[in-house]
Amino acid sequence: MNHRNSRYTLLIMLLLLACHTACIGQSKSTDKRFAQAQQQTRLMLREIEKAKHQEAGAVVSPRTLSASGELELVATKDWTSGFFPGSLWYLYEQSQDPFWLEKARAFTAPLEQEKVNGRTHDMGFKIYCSYGNGYRLTKDPHYRSVLIEAAETLATRFNPNVGAIRSWDHNADKWDFPVIIDNMMNLELLFAATRLTGDSAYYQIAVSHANKTLKNHFREDNSTYHVIGYDPANGQVLKKNTHQGYSHASAWARGQAWGLYGYTMCYRETGNKAYLWQAEKIAAYMLEHPNMPADLVPYWDYNAPRIPDEPRDVSAAAVMASALYELSTYSQRGSVYRAEADKVIRHLSESYTAPAGGAKGFILLHSTGSKPHNSEVDVPLSYADYYYLEALLRKQKLMNRHKLF
Ligand code: GLY
């Protein structure tokens, strides 16, 4: 070997060593984050037992903390009831510890009654996060049947004149047929139902809804409206509004994140490039927005009037990070998306986690539920924790060169 060659070999070896050390460092941080999540969730399990004794009625899952710091539990019909069971499934997936399996099963079971609740579009949030993860990890045939029945119920909300699923029944004075961007998240259950049954009807409903949303929800700059009000008789757009954002023309942070996640997932399920391009456009909107803070944890609305003196929304950051990891596996800009997702996770785990033994066992602080309603502002939320754990798992799979799906 001549002099130049040996220098070249040494350089390559040093580079490989540096990469290896960085990977070990990342893997250690991820393990530490999971350990912290497990510790907090064990505390949460104890807090739930205490809170259940004090609450009237059948409450099952934690949602947030009240202004006085009390743990707030919700009934199965609440849109957030599936996130805590889902988090338990993720802790089981990562640890393979039967303790988490038993807890995940126990917190999933009471949600079964929701499979016939046709009064809301939130079936995916409730049933796919709980039973969907449960079925993916256990192949329990009972979970399979719950998923199929739930998808059947969700499909009853599809209106062929509109070509979309009706999101809400409430606020009937404002909208006859409201469709919210969040509804994109519930399509995953329909895609799963077609895979499980071989019946393409669910798939077709999901695709129709995604196409209708693609057509009407997005503005020129690729930000999304929150609510589109349709005429149920002919599918005409009647209104373009917000409900949880700053204004009808603004970009509510979590809504943008639901859109990013929704179109990334729709691309996974269909291979339709239009969905991939939309996800990339939404990612660009968020990541390049002048009001996006350096730590990539957005304010509750990208156009909130008093930025930087506005609350952040950690839940939007967690949904965005999870979606970016998946998008990184499909897009030519994959390495950028993965690096940005890593950055979000680093900041969430360094600066937004609850102190050990605090916040009644929630993992993350500083989310915003609905600022205009002065509801759940700067609090922990069960869905922030759920998408954070999902993102951590995705990060770990990518580091280990495992497939995400
Ligand atoms: N889907 C309700 C929310 O994001 O607040």
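Report on the accompanying structure. (Residues numbered from 1 in each chain as written. Predicted model: local features only at pLDDT ≥ 70, side-chain atom pairs only at ≥ 80, totals over all residues. Heavy atoms only, no water.)

**Quick word on the overall build of the protein**
Part 1 of the argument: A count of helical and extended segments in the protein gives 12 helices and 9 strands.
Part 2 of the argument: The globule rule puts the C-alpha radius of gyration for 405 residues at 22 Å, and the 21 Å found for the protein is close to it.
Part 3 of the argument: Viewed in the frame of its principal axes, the protein has a C-alpha envelope of about 80 × 50 × 50 Å.
Part 4 of the argument: Sorting the 405 residues of the protein into buried and exposed places 58% on the buried side.
Part 5 of the argument: For the protein, the proportion of contacts with a sequence separation of at least 24, taken over those separated by at least 6, is 63%.
Part 6 of the argument: Taken as a whole, the protein presents about 17,100 Å² of accessible surface, with 52% of it coming from carbon and sulfur.
Part 7 of the argument: For the protein, the distance from the average position of its 45 positive side-chain charges to the average position of its 41 negative side-chain charges is 6 Å. (Helix = DSSP H or I, 4+ residues; strand = E, 2+ residues; numbered from the N terminus. Rg over C-alpha atoms; globule rule 2.2 N^0.38 Å. Buried < 20%, exposed > 50% of the residue type's maximum accessible area, 1.4 Å probe, protein only. Contact = heavy atoms within 4.5 Å. Areas by Shrake-Rupley, 256 points an atom, 1.4 Å probe, with all protein chains shown as cover. Lys, Arg positive; Asp, Glu negative; His and termini not counted. Charge placed at Lys NZ, Arg CZ, Asp CG, Glu CD.)

**Comments concerning the sheet that holds strand 6 (residues 227-230)**
Part 1 of the argument: Taken in spatial order, the 3 strands make up an open sheet running 5-6-7, and their pairing is antiparallel. With one partner strand each, in any of the chains shown, strand 5 (177-180) and strand 7 (237-241) form the two edges of the open sheet. Here the average twist between neighbouring strands, direction ignored, is 20°.
Part 2 of the argument: The pairing of strand 5 with strand 6 spans 4 bridges and is classified as antiparallel. In the strand pairing of strand 6, Val179 is matched with Ile228.
Part 3 of the argument: Most of the contacts of helix 7 (residues 201-216) go to strand 6, to which it runs at about 105°, and overall it touches strand 5, strand 6 and strand 7. (Pairing = 2+ DSSP bridges. Axes fitted to C-alpha atoms, helices over the stretch in contact; angles between N-to-C directions.)

**Things to note about empty space enclosed by the protein**
Part 1 of the argument: Throughout the structure, instances matching the rule amount to 1 cavity of 30 Å³ or more.
Part 2 of the argument: Empty space within the largest cavity amounts to approximately 80 Å³.
Part 3 of the argument: Lining the largest cavity are Thr41, Met44, Phe84, Ser87, Gly361, Phe362, Ile363, Ser382, Asp385 and Leu389.
Part 4 of the argument: Secondary structure elements with two or more residues in the lining of the largest cavity: helix 1 (3-54), helix 2 (83-95) and helix 12 (382-399).
Part 5 of the argument: When residues in the lining of the largest cavity are grouped by element, the largest group, 3 residues, is from helix 12.
Part 6 of the argument: Looking at the lining of the largest cavity, its residues break down into 5 nonpolar, 4 polar and 1 charged. (1 Å grid on protein atoms, 1.4 Å probe; cavity = no way out; pocket = protein on both sides within 12 Å on 5 of 7 lines; lining within 4 Å. Points joined across faces, edges and corners; volume = space filled by probe spheres on them. Nonpolar A, V, L, I, M, F, W, Y, C, P; charged D, E, K, R; others polar.)

**Re the pairing of strand 7**
Part 1 of the argument: Examined bridge by bridge, strand 6 and strand 7 share 4 bridges and lie antiparallel to one another. Across the sheet, the residue bridging to Ile228 is Lys240, located in strand 7.

**Here we look at the pattern of salt bridges**
Part 1 of the argument: For the coordinates displayed, the defined rule picks out 22 salt bridges.
Part 2 of the argument: When the shortest N-O distance is used, the salt bridge between Glu326 and Arg268 registers 2.7 Å. Here Arg268 lies in helix 8 (residues 253-270) and Glu326 lies in helix 10 (residues 314-328), a separation of 58 residues in the sequence.
Part 3 of the argument: Overall, the relative accessible area of 1% leaves Glu326 in the buried class.
Part 4 of the argument: Asp342 is paired through a salt bridge with Lys395; the nearest N and O atoms lie 3.0 Å apart. Of this pair, Asp342 sits in helix 11 (residues 334-351) while Lys395 is found in helix 12, placing the two residues 53 residues apart along the sequence. Across the pair, exposure class does not vary: Asp342 and Lys395 are buried alike.
Part 5 of the argument: Linked by salt bridges that have partners in common, Glu188, Arg195, Arg268, Glu269, Glu326, Glu390 and Arg394 make up one network. (Salt bridge = Lys/Arg side-chain N within 4 Å of Asp/Glu carboxyl O.)

**Focus on helix 8**
Part 1 of the argument: Taking 1.5 Å of rise per residue, 18 residues should cover 26 Å, and helix 8 covers 26 Å from first to last C-alpha, within 8% of that figure.
Part 2 of the argument: Of all the 18 residues making up helix 8, 17 are buried; the element is thus mostly covered by neighbouring parts of the structure.
Part 3 of the argument: Phi turns positive one or two residues past the end of helix 8, at Gly271, with a value near 75°. (Expected span 1.5 Å × (residues − 1).)

Any link to function would need more than the numbers given here.
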